[in-house]
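Structural overview for review
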Amino acid sequence: MTNNMLFVRKKPLLLLAMGFFTASLLLILPSKAENMFLPSDAPLQLDLLTQPKDNIITAKTIDPQKLTVPSLWWAKENSEKQLLDNWIVYPPSQTEPPRADLIVNQQIWGLLDYFGKYVFVNRLGSLASKFGYNIRIFNYQKEALATYTCNFSQSPASCRLQMNHRSQIGFSFALSN
C-alpha cells in the first residue's frame, strides 16, 4: 500500500476522533459556564424574618444612619406594594456572593401571567445586581419561583433569569433567559 492509501484509510478515523473530541468539549464547557449561574442552594430561612441575626436585613430592618443596601423599599413602595411581601438579605460568605431572598404574596403572583412575572423578576434582579446581589423569589410555602443570578467576576456582570413553572398536569420545569 502506498502512503496515500494509508492516509485515506486513517482519515475517517481521524475525523471520527476529532468529532468525539469536539463533542466532549461542548459537553464540558457549557457545564463550567452553567456553574457560574447556579443560584444558591441554601434553604430559605423564614425564621429570620422575625428573628434576624448578624448582618441579615429584612423589610423591617431600618438603619437610621444610612440607606440599607440593596434598597428594595423604594421598589416595593413604587410598584410592587402588593406583590413583594418581605425579603431576607444575606451578606457575602466565603462560598457565595450576597443574595436577597424575596418572598411574594402567592395570590398576587398566581394572578400574573408569564410576562408579568418575568418583568417583576427582571426589574428587582437588575436593581439588586447593581449592588452586587443575586435574588431568589419564594412564596411562604418555601417554593422557589424564580432566580436572577449573576457572574460578578465578569465586567460587566453577566446575569441569568430563571423562572420555575408548573404545567397544567403538575410537572415543573425551568425556563431561563
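If you're wondering where the values come from, they're calculated on a predicted model, not measured in any experiment.

Attention now moves to the environment of Ile103. The topology assignment puts Ile103 in strand β3 (residues 99-104). Taking the relative accessible area as the measure of exposure, Ile103 reaches 0% and is therefore buried. Excluding residues within four positions of it along the chain, Ile103 makes contact with Leu46, Leu49, Leu83, Leu84, Asp85, Asn86, Trp87, Ile88, Phe138, Asn139 and Tyr140.

Let's shift gears to the pattern of salt bridges. Tallied over the full model, the rule gives three salt bridges. Residue Glu96 pairs with Arg99 through a salt bridge whose shortest N-O separation is 3.0 Å. The shortest N-O distance in the salt bridge between Arg99 and Asp101 comes to 3.5 Å. For Arg99, a relative accessible area of 7% gives the class buried. Through salt bridges that share partners, Glu96, Arg99, Asp101 and Arg136 make up one connected network.

A few words now on the packing of aromatic side chains. Applying the stated criterion to the full structure yields two aromatic pairs. For the cation-ring pair, Arg99 lies above Tyr90, with the distance from its terminal atom to the ring centre recorded as 3.9 Å.

Below, the discussion takes up the state of the cysteines. Scanning the model with the defined rule gives one disulfide in all. Here Cys150 connects covalently by a disulfide to Cys159, the sulfurs 2.0 Å from one another. Disulfide Cys150 to Cys159: torsion about the S-S bond roughly 105°, handedness right-handed. In this structure Cys159 comes out as partly exposed when scored by relative accessible area, which is 29%.

Once that is clear, we can look at the pairing of strand β4 (residues 134-138). Across the five residues of β4, five count as buried, placing the element largely inside the fold. Side-chain alternation along β4 places Asn134, Arg136 and Phe138 on one buried face and Ile135 and Ile137 on a second face that is also buried. As defined by bridge partners, β3 adjoins β4 across five bridges and the pair is classed as parallel. Bridge pairing in β4 places Leu102 opposite Ile137. When β4 meets strand β5 (residues 144-151), the two strands line up antiparallel, connected through four bridges. Bridge pairing in β5 links Arg136 to Thr147. Hairpin remark: β4 followed by β5, antiparallel, with five residues in the connecting loop; positive phi at Lys142, about 65°.

Calculation notes
Residues numbered from 1 in each chain as written. Predicted model: local features only at pLDDT ≥ 70, side-chain atom pairs only at ≥ 80, totals over all residues. Heavy atoms only, no water. Helix = DSSP H or I, 4+ residues; strand = E, 2+ residues; numbered from the N terminus. Buried < 20%, exposed > 50% of the residue type's maximum accessible area, 1.4 Å probe, protein only. Contact = heavy atoms within 4.5 Å. Salt bridge = Lys/Arg side-chain N within 4 Å of Asp/Glu carboxyl O. Phe/Tyr/Trp six-rings, centres within 6.5 Å; stacked < 30°, edge-to-face > 60°. Lys NZ or Arg CZ within 6 Å of the ring centre and 35° of its normal. Disulfide = S-S within 2.5 Å. Pairing = 2+ DSSP bridges.

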